[in-house]
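# Chains, contacts and geometry: an overview
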Amino acid sequence: MIWILPTAVGALLLLVRRAPRATAVSTAAATLALAVWAAVTRPATSFPLIFTSGFSVDGLAAVMVVTVAAVALAVLVFATGELREARFYGLMLIFVGAMLATVTATELTVLLMGWEVMGAMSYALIGYWWRDGDRVTSAGVAFVTTRAGDLGLYVAAGAAFAAFTTGGTSGQVLGLAALPELPQPWRDLVAGGIVLAALGKSAQLPFSFWLSRAMAGPSPVSALLHSATMVAAGAYLLLRVEPLLAATGWAGPLVAWVGGLTALLLGGVALAQRDLKQLLAASTCAQLGFMVMGSVAGGAAHLVAHAAVKSLLFLGAGAWLTALGTKDLSELRGAGRRYPVVGVSFAVGALALAGLPPLSLWVTKDSVLAAVHDPWLHAVGLAAGALSAAYAGRALVAVWRGSRSDGRPAETLSWAPLPVLAAGAAVLGVVGLPAVWAWWSGLVGDPGAARVDAGSLALSGALAAAAVLTALVRLPEPRVLTGWLGLEAAARAVLWRPLLALARGAAWFDDRVLDGAVEAVPRLGMAAARLARTPFEMGVDGVVRAVGGAAMGLGRLARRPQTGQVHTYLAQAAVGLIILAVAIVLVR
Amino acid sequence: MTGMAENPLDLLPELLILAGAVLGLLTGLFVPRERQGVVAWICAAALAGSLAATLAVIGRPDVMAFESFAVDLPTNVARLTVAATTLLVLPLARSWAPGDRRESEVYTLVMLAALGALVLAGADDLLVLVAAYLLASIPAYALTGFAKDAAGTEAALKYYLLGAFLGVLMLAGVTLVYGTAGVTAYPDLDRAAPGVAVVLLLAGLLVKAGGVPGHFWVPDAAEGASRPVAAFLTTVPKAGAFVALYRLAQDVFDQPMLPAVLAAVTMTLGNLAAFAQDNVRRLLAYSTVSQAGYLLVPVAMAGRGDLAEPALLFYVAAYAVTNLGAFAVVAAAGTDRLSGYAGLARRSPLLAFSLVVCLLGLVGTPPTAVFVGKVLVFAAAWQGGYAWLAVVAAVNTVASLFYYLRWIRPLYAEGEGEPVGNGWVACVCAAVSLVLGIASGAVLLIPSGGIN
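Residues numbered from 1 in each chain as written. Chains lettered and ligands numbered in written order. Predicted model: local features only at pLDDT ≥ 70, side-chain atom pairs only at ≥ 80, totals over all residues. Heavy atoms only, no water.

Here we come to the overall build of chain B. The helix and strand inventory of chain B stands at 20 helices and three strands. Computed over C-alpha atoms, the radius of gyration of chain B comes to 20 Å, within 12% of the 22 Å expected from 2.2 N^0.38 for 452 residues, which places it in the range of a compact globule. For chain B, the spread of C-alpha atoms along the three principal axes comes to 65 × 55 × 40 Å. Here chain B, with 452 residues, has 61% of them falling under the buried criterion. As displayed, chain B has an accessible area near 15,500 Å², and 68% of this comes from carbon and sulfur atoms. Counting 23 positive and 27 negative side-chain charges, chain B places the averaged centre of each group 10 Å from the other. (Helix = DSSP H or I, 4+ residues; strand = E, 2+ residues; numbered from the N terminus. Rg over C-alpha atoms; globule rule 2.2 N^0.38 Å. Buried < 20%, exposed > 50% of the residue type's maximum accessible area, 1.4 Å probe, protein only. Areas by Shrake-Rupley, 256 points an atom, 1.4 Å probe, with all protein chains shown as cover. Lys, Arg positive; Asp, Glu negative; His and termini not counted. Charge placed at Lys NZ, Arg CZ, Asp CG, Glu CD.)

So, on to the interface of chain B and chain A. Residue-level contacts link 29 residues of chain B with 21 residues of chain A. The interface formed by chain B and chain A holds zero salt bridges in total. For the pair chain B and chain A, the interface holds four residue pairs in polar contact (both at pLDDT 80 or more). For the side of chain B that touches chain A, the elements supplying multiple residues, two or more each, are α6 (150-181), α8 (195-209), α9 (217-224), α12 (257-274) and α13 (280-300) of chain B. Of the residues forming the side of chain B that touches chain A, the biggest block, seven residues, is contributed by α6 of chain B. Here the residues of the side of chain B that touches chain A are counted per class, giving 20 nonpolar, four polar and five charged. (Contact = heavy atoms within 4.5 Å. Salt bridge = Lys/Arg side-chain N within 4 Å of Asp/Glu carboxyl O. Polar contact = N/O pair within 3.5 Å; in protein donor to acceptor, adjacent residues only side chain to side chain. Nonpolar A, V, L, I, M, F, W, Y, C, P; charged D, E, K, R; others polar.)

This paragraph deals with a nonpolar patch on the surface. Judged by side-chain polarity, Leu9, Leu12, Leu15, Leu18, Val22, Leu26, Leu29 and Phe30 of chain B come together as a nonpolar surface patch covering roughly 790 Å² of accessible area. Tracing the sequence through the fold places Leu26 of chain B in helix α1 (residues 12-30). (Patch = residues over 30% accessible without salt bridge, like charges linked within 9 Å, V, L, I, M, F, W, Y side chains within 5 Å.)

Looking now at the side chain of Ser311 of chain A. Residue and element names in this part refer to chain A. With respect to the element layout, Ser311 can be found in helix α14 (residues 296-324). With a relative accessible area of 0%, Ser311 lands in the buried category. Here the side chain of Ser311 touches Ala307 through a polar contact of 2.7 Å, landing on its backbone oxygen. In this structure the side chain of Ser311 is engaged in a polar contact, spanning 3.2 Å, whose partner is the backbone oxygen of Ala308. With residues up to four places along the chain from it excluded, the contact list for Ser311 reads Val71, Ala223, Ser227, His306 and Leu421.

As a further point, take the side chain of Asp72 of chain B. Here Asp72 of chain B shows up in the loop between β3 (69-71) and α3 (73-94). Looking at Asp72 of chain B, its side chain comes within polar contact range of the side chain of Thr75 of chain B, at 3.0 Å.

Now for helix α11 (residues 236-252) of chain B. In a regular helix each residue adds 1.5 Å, so 17 residues correspond to 24 Å; α11 of chain B covers 24 Å between its end C-alpha atoms and thus fits that length. Of all the 17 residues making up α11 of chain B, 15 are buried; the element is thus mostly covered by neighbouring parts of the structure. (Expected span 1.5 Å × (residues − 1).)

Further remarks concern the UniProt feature "domain: NADH:quinone oxidoreductase/Mrp antiporter transmembrane" (unreviewed entry) in chain B. Per the UniProt annotation, the sites labelled "domain: NADH:quinone oxidoreductase/Mrp antiporter transmembrane" (unreviewed entry) are residues 123-398 of chain B. The span residues 123-398 of chain B is 77% helix and 0% strand, and its two end C-alpha atoms sit 35 Å from each other. (UniProt positions renumbered as here; feature names shortened; annotations may be inferred.)

Right, let's get into the nonpolar core. In this structure, Leu126, Leu129, Phe232, Phe242, Tyr341 and Trp407 of chain B are the most contacted members of the largest nonpolar core, which totals 175 residues. When neighbours within four sequence positions are excluded, Phe232 of chain B is seen to be in contact with Thr86, Val89, Val110, Ala113, Ala114, Leu143 and Pro237 of chain B. Membership of the second largest hydrophobic core comes to 174 residues, among which are Val75, Met118, Val292 and Ala467 of chain A. (Core = buried A, V, L, I, M, F, W, Y, C linked by side-chain atoms within 4.5 Å.)

Segmenting chain A into domains produces domain 1 (1-248), domain 2 (250-482) and domain 3 (494-581). Placing the centre of domain 2 of chain A and that of domain 3 of chain A at their C-alpha centroids yields a distance of 72 Å. (Domains from an automatic or database assignment.)

Another point: the packing of aromatic side chains. Between two aromatic rings, the relevant description is the distance of the centres plus the angle of the planes. Applying the stated rule across the entire model yields 18 aromatic pairs over all chains. Both rings, one in Trp3 of chain A and one in Phe55 of chain A, keep their centres 5.4 Å apart while their planes meet at 45 degrees; by these two values the pair is tilted. Here Trp3 of chain A is found in the segment before α1 (4-16), whereas its partner Phe55 of chain A is found in strand β2 (residues 52-56), with 52 residues between them in sequence. Judged by its relative accessible area of 5%, Phe55 of chain A falls in the buried class. Ring-pair connections join several aromatic residues into one group, and the members of that group are Phe88, Tyr89, Tyr128 and Trp129 of chain A. One cation-aromatic arrangement involves Arg102 of chain B over Phe146 of chain B; the distance from NZ or CZ to the ring centre is 4.2 Å. (Phe/Tyr/Trp six-rings, centres within 6.5 Å; stacked < 30°, edge-to-face > 60°. Lys NZ or Arg CZ within 6 Å of the ring centre and 35° of its normal.)

All names here are of chain B. The final tally for this structure, using the stated rule, is 19 salt bridges over all chains. The salt bridge involving Asp220 is made with Lys158; its shortest N-O contact spans 3.2 Å. On the criterion of sequence distance, the pair formed by Asp220 in helix α9 and Lys158 in helix α6 is long-range, its members being 62 residues apart. Lys158 sits in the buried class, given a relative accessible area of 6%. The partner of Arg346 in a salt bridge is Glu414, and the shortest N-O contact between them spans 3.2 Å. With Arg346 in helix α15 (residues 344-347) and Glu414 in the loop between α18 (387-411) and α19 (424-438), this residue pair connects regions lying 68 residues apart in the sequence.

On to the environment of Leu126 of chain B, then. Residue and element names in this part refer to chain B. Along the chain, Leu126 falls in helix α5 (residues 126-144). Look at Leu126 and you get buried, because its relative accessible area is 0%. With 60 residues separating them along the chain, Leu126 and Tyr186 place their C-alpha atoms 7.2 Å apart.

Right under this line is the structure:
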């Protein structure tokens, strides 16, 4: 139940709005401590909600809570240099809390709750600068897109519930662990719904465009949203229900191919971007494509390493954006030399992203590919890897080429997380060592996962090195790639406009037909009331007045005995008692 | 009654109050005038001790002390109510009495009257009842006229004459009972007292309780006496008188119709008379008369169902604290005219809010304590087979809303007025009324855990 701490403090911050930065950072630190503790002790609770719900920290969840808490702490420390409003920190803490709830949930109801709160917080954070209409639109696009995917999760929950009520299964109702044993056709429905929701949340094709829109939020938001929360939630969910996907037979390959194609196409998109944050966003889609390609152990390793790398890169981009006022690649010339702390950290992150040996993503990406047996998909993965090296190299060259001396002075405290994350990005590849790999795959519940062999490691390393060098030559930038494959326009044309037209039609029907009928009722009532007023209301009014008048009259009468004269008091008391006495004697 | 005892410790709460009164009087004799306030502290300590002593024994098995004083749940509730409300009256008196030549006597008289109310509540023998009646009455007469002004003196005389007249009748009733039964202890009377004697017995207690036909003194005394004294007179003696009435109805006579009729007449008369009052003290006085009517309902239902006793005890406690709160607001506001309360909410929001809580409490609005008391009272009447009485009480409750709202409305209107005094007693009363109402479930469960 570690999610309670950040959520509660976040909600409190939104209400009280005192000392937000210190509170948020200390809360994040406490959450990290709690997460480590939870990862060691593996607590589990269960409680009756609608059904028996619960939270538990198993191996995969342990990895996730520590990753989430650590990245959240780094991001919040960084944010203290940029933002001061309590609203931001409150929303961020609730966001983190929702993610923690999602990854520790053992059952669909609570998972949905965390999932939904996370979505709502992402909306609030992307549209954080709400006076800017564009950003709010972006937040809306991101929210509606992910929500559209979320519908799948509701379908899944409904199907699972239907399966449980029709009987034939035992175990926890809506429990995640019980999903693979569902009878057909419910199992396929559940799997389809979950896949849809996860692909939407993790910005895989065809949902990828919302991640481009999500760049409208503050840089710390991007850093958190792209690394350890939100998009990671989609990937996590797919890793979590891997047994279900495997059980269906069709879902696993589908997800793997979607992931592979996303990695490839969005890699191309990333290569064509001129905006550093957009480049990183597209690369997030591409990297998440690797995570969902079917290997639990490799995917989890890639998720953790990517969390460190991507939060680092976004924080670096955010630092330059604050200091230099730009995120355009051509205007960032010399940014690396101007701020060497950021520059070196960023370089480590970018080289890791490129998949250069011996950095982390080199190993984890190949660990994913090691489990891919389809040769075509494997080839797609390799090509996507080469693309990631190319765009990472492009970003690296853009910030290190040339030199400059303008811009604000460097921050020290709030930039401190960057080197730490860089260290993480560099060394997390140790997971590929044979002994570590055995422990890791057992930890995340995928024992015996295929370990990457030296040959393919060497191959991909060489490929990456070669691809990085292409950054030195100018590449064409086709419009279709700079515009994110036209996905948003397509979604608007194919889904949004018809939906809106349908809604307008329905609204017309509601206003004219339904509302007309509803409004006729009060009109009729008013007419009847007018009719009734003249003769009857007068009568009722008269009765009310008469009652009031009578009460006042009685009141006057009741005060009459209170003459102020003692002898009348005594006489009245005596008379009253005599009457009582006589009555009691006579009645008896 | 599970046992007899002659252990003075059973009477510790009463003895503490007596000791406080005596010690206060003696201290007052030797302390210079400007430092007489110390007497108030002595009395407060005695009352606090009495409260603590009561809390320590509440829930113990019933005891009959000296064959004439019942130590059971009704007595203990009366002890708590009397000690607590008296403790709250002291600060009111403390802001009125200083500088008076006889300041310490105020506190002593208050203590003695409270003691009288306590003995009244616990009396289990007609002779003790008479003694308690006198102990409760005489200090009260003195307090009423304490200010030595025309209004107070007149009120004191009226109170005294009415109390003496009906008190003598009560004594006659005691004589009659003794003459027919040969005993005066309640348990031996076996609910067989003759009808005329019952009327006479009730006469005296109704003066203390402020019920018809002994209610005539209430408006005059509430208006004529000083404000703290008015608060005391309409609160503390009632607690004792109603518990005494309940004991009589339970042990001495079996005439439920008599108190039922008195209840109906009392609540109706009180409510009607309060309608057009512009003097808030007279308004509150009539309101206390109507509340006495509601309190007579469980008295009539004594022995007719298990709801009567909790209804009476809870209502007594709730009424005492709520009524005291309303009077405390009057004492703090320092004005008796209804128009003087215009705009009070702006001058002192907390005081105005306390008044609203207390007045709505007297109406019987949730979540205040009197609401719970009223519900219990209605339920007791229903359970006892007196549905008509419940209906009369409900109708009266609705009617009473009128004059309470008449007082609430000007609070939130525009208006200038005198600056208000310190009203923390009113706030405490309002808070207790709310807490007692909200926690009523728990409070009502306490005795069923301890007794039985």
